[in-house]
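Given next are the chains, with one letter for each unit.
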Amino acid sequence: MQNSAMFWVALTTLILVSVTVMVSMNLPFNLIFFGSVIGQVFVVIMVYNVLTDNYKTAKTFEDFYEDNPIGNRTN
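My aim in this report is to walk through the structure given alongside it, one point at a time. In this text, all values refer to a predicted model and were calculated from it rather than measured experimentally. (Residues numbered from 1 in each chain as written. Predicted model: local features only at pLDDT ≥ 70, side-chain atom pairs only at ≥ 80, totals over all residues. Heavy atoms only, no water.)

### Some thoughts on the packing of aromatic side chains
- Inspection of the entire model under this criterion finds four aromatic pairs.
- A centroid spacing of 6.1 Å and a plane angle of 35° characterise the contact between Trp8 and Phe42, whose relative ring orientation is tilted. Residue Trp8 is found in helix H1 (residues 5-24), and its partner Phe42 is found in helix H2 (residues 29-51); the two are separated by 34 residues along the sequence. Note on accessibility: Trp8 and Phe42 belong to one class, buried. (Phe/Tyr/Trp six-rings, centres within 6.5 Å; stacked < 30°, edge-to-face > 60°. Helix = DSSP H or I, 4+ residues; strand = E, 2+ residues; numbered from the N terminus. Buried < 20%, exposed > 50% of the residue type's maximum accessible area, 1.4 Å probe, protein only.)

Below, the structure is given as structure tokens:
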């Protein structure tokens, strides 16, 4: 089973938020340092997986924003 890119985004976010919580709780420096190093490694993995994800969509730049389509205005 292949993990989707959103899994890596969620995991990286969880790691980096936990580093922020560790800083605010004044935990020892070595835990914060290793947490931030692991977070940086996961950022690289996340970026690679997002850029190489096999995601297809039928949307084009003419669709603009989905919540405010330009071409369908009646004003």
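### As for the side chain of Thr12
- Here Thr12 shows up in helix H1.
- With relative accessibility at 2%, the residue Thr12 sits in the buried group.
- Residues within four places of Thr12 in sequence aside, it is in contact with Gly39, Phe42, Val43 and Met46. (Contact = heavy atoms within 4.5 Å.)

### Comments concerning H2
- The end-to-end C-alpha distance of H2, which contains 23 residues, comes to 33 Å, matching closely the 33 Å that a straight helix rising 1.5 Å per residue would cover.
- If you check which residues of H2 are buried, you get Ile32, Gly35, Gly39, Phe42 and Met46.
- Contacts from the buried residues of H2 go to H1. (Expected span 1.5 Å × (residues − 1).)

### Some thoughts on H1
- Over its 20 residues, H1 runs 29 Å from end to end, which matches the ideal 28 Å to within 8%, given 1.5 Å per residue.
- Looking at H1, one finds that the buried residues are Ala5, Trp8, Thr12, Ile15, Val19 and Met22. The arc that holds the buried residues of H1, viewed along the axis, is 120°, so those residues lie on one side. Exposed residues lying more than 90 degrees from the buried face of H1 are Met6, Leu14, Thr20 and Ser24. (Arc of directions from axis to C-beta.)

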